[in-house]
Amino acid sequence: MWSCQLGSDPFSDVRILIGGPADGPVLALVEPISFWGGVCPQTGTVIDRFHPQFGVALQGKIVFMPVTKGSTAGPGALLELIFAGLAPAAIITPALDLAVLTAASLAASLGIAVPAIGIEIERLAEA
């Protein structure tokens, strides 16, 4: 279990995209994922049969992910997970991921916090 207050600055090269509290087990995705077609909108589990973490639930986890993949529908699919309460507790990506930032920003504007940060890949290896 890892707990953090995203909004503080533990590393100088961390970009906090959407701040807020996050608490949950850590899940490090080993390959990129598409929220549109790669994650089930009814369960929040990885449904991409070719993903090494097929069947793993994202809900309530602090998810480290290399990057998202897929189309511009990804932010909408992530936003559906957020509204359904099936999204990760927080998402950490190397640098800036526009799919994550778009969905987290829209959710935050509606009062739902899903913290998102970008961190240099070298710092992820050290953490």
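Owing to the predicted nature of the structure, the values given are computational and were not obtained by experimental measurement.

(A) Looking closely at the pattern of salt bridges. Enumeration according to the criterion identifies 1 salt bridge in this entry. The salt bridge involving Lys-69 is made with Asp-48; its shortest N-O contact spans 3.8 Å. Of this pair, Lys-69 sits in the loop between strand 5 (62–64) and helix 2 (74–83) while Asp-48 sits in the loop between helix 1 (35–38) and strand 5, and the two are 21 residues apart along the sequence.

(B) Representation of helix 3 (residues 98–109) in the model. The end-to-end C-alpha separation of helix 3 is 16 Å, in line with the 16 Å expected for 12 residues at 1.5 Å each. For helix 3, every residue scored as buried is listed here: Ala-99, Val-100, Ala-103, Ala-104 and Ala-107. Summarising the axial view, the buried residues of helix 3 lie within an arc of 115°, below the 170-degree limit, and thus occupy one face. Of the exposed residues in helix 3, those oriented more than 90 degrees away from the buried face are Leu-98 and Ser-109. If you check the start of helix 3, you find a side-chain oxygen 3.1 Å away from the backbone N of Ala-99, and it comes from Asp-97.

(C) The arrangement of the environment of Gly-118 in detail. One can find Gly-118 in strand 7 (residues 116–119). For Gly-118, a relative accessible area of 2% corresponds to the buried category. The sequence separation of Gly-118 and Pro-94 amounts to 24 residues, and the corresponding C-alpha distance is 5.1 Å.

What counts and how
- Residues numbered from 1 in each chain as written.
- Predicted model: local features only at pLDDT ≥ 70, side-chain atom pairs only at ≥ 80, totals over all residues.
- Heavy atoms only, no water.
- Salt bridge = Lys/Arg side-chain N within 4 Å of Asp/Glu carboxyl O.
- Helix = DSSP H or I, 4+ residues; strand = E, 2+ residues; numbered from the N terminus.
- Expected span 1.5 Å × (residues − 1).
- Buried < 20%, exposed > 50% of the residue type's maximum accessible area, 1.4 Å probe, protein only.
- Arc of directions from axis to C-beta.
- Polar contact = N/O pair within 3.5 Å; in protein donor to acceptor, adjacent residues only side chain to side chain.

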